[in-house]
Amino acid sequence: MGNSINNINVLTSDVVIACGMGAGTASEIALALKANKQVILLDNDQESKLFFKKLSPENVYIVESVEQAIATAKTILS
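What you see is a predicted model; the values in this text were computed from it and never measured.

Colleague: Please give an account of helix α3 (residues 46-55) that cites residues and values.
Modeller: Turning to α3, its buried residues number three or more, namely S48, K49 and F52. Burial along α3 is one-sided: seen end-on, the buried residues are contained in an arc of 100 degrees. What points out from α3, more than 90 degrees from its buried face, is the exposed set E47, L50 and K54. The elements touched by buried residues of α3 are α2 (23-34), β2 (38-42) and β3 (60-63).

Colleague: I'd like a rundown of the environment of I76, residues and numbers included.
Modeller: Tracing the backbone through its elements, the reader meets I76 in helix α4 (residues 66-77). Take I76: its relative accessible area is 22%, and that puts it in the partly exposed class. Separated by 62 residues in sequence, I76 and D14 have C-alpha atoms that sit 9.0 Å apart. Apart from the residues within four sequence positions on either side, I76 is in contact with V15, Q38, I40 and Y61.

Colleague: Outline a nonpolar patch on the surface, supporting the account with residue identities and numerical values.
Modeller: Together, M1, I5 and I8 line one region of the surface with nonpolar side chains, adding up to about 300 Å² of accessible area. Following the sequence through the fold, M1 ends up in the segment before α1 (4-11).

Rules of the game
Residues numbered from 1 in each chain as written. Predicted model: local features only at pLDDT ≥ 70, side-chain atom pairs only at ≥ 80, totals over all residues. Heavy atoms only, no water. Buried < 20%, exposed > 50% of the residue type's maximum accessible area, 1.4 Å probe, protein only. Helix = DSSP H or I, 4+ residues; strand = E, 2+ residues; numbered from the N terminus. Arc of directions from axis to C-beta. Contact = heavy atoms within 4.5 Å. Patch = residues over 30% accessible without salt bridge, like charges linked within 9 Å, V, L, I, M, F, W, Y side chains within 5 Å. Areas by Shrake-Rupley, 256 points an atom, 1.4 Å probe, with all protein chains shown as cover. Salt bridge = Lys/Arg side-chain N within 4 Å of Asp/Glu carboxyl O.

Okay, structure coming up:
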C-alpha cells in the first residue's frame, strides 16, 4: 500500500494524535492539516511544534503528556 496508508489513516480519523517525529509522522500530520483535521502533537521537538503550529494554528494542539492528549481529544470530539 505504500504511502496510501497515511491517507487512509488520516481521512478515516476524526482527530489525529501524533507522537514523535519521523518522516511518516510528518507526512500524516501534513495530510491531516490539508484535510482540515485537528492534530494533537505530542512531541519534544521545538522545531516541529513551531512548524506545524505555523502551518495551521487553529488545527494544531500541542500537549506535553499522554493524559493531556487524551483530554484534548475528548474536548475536540465533544
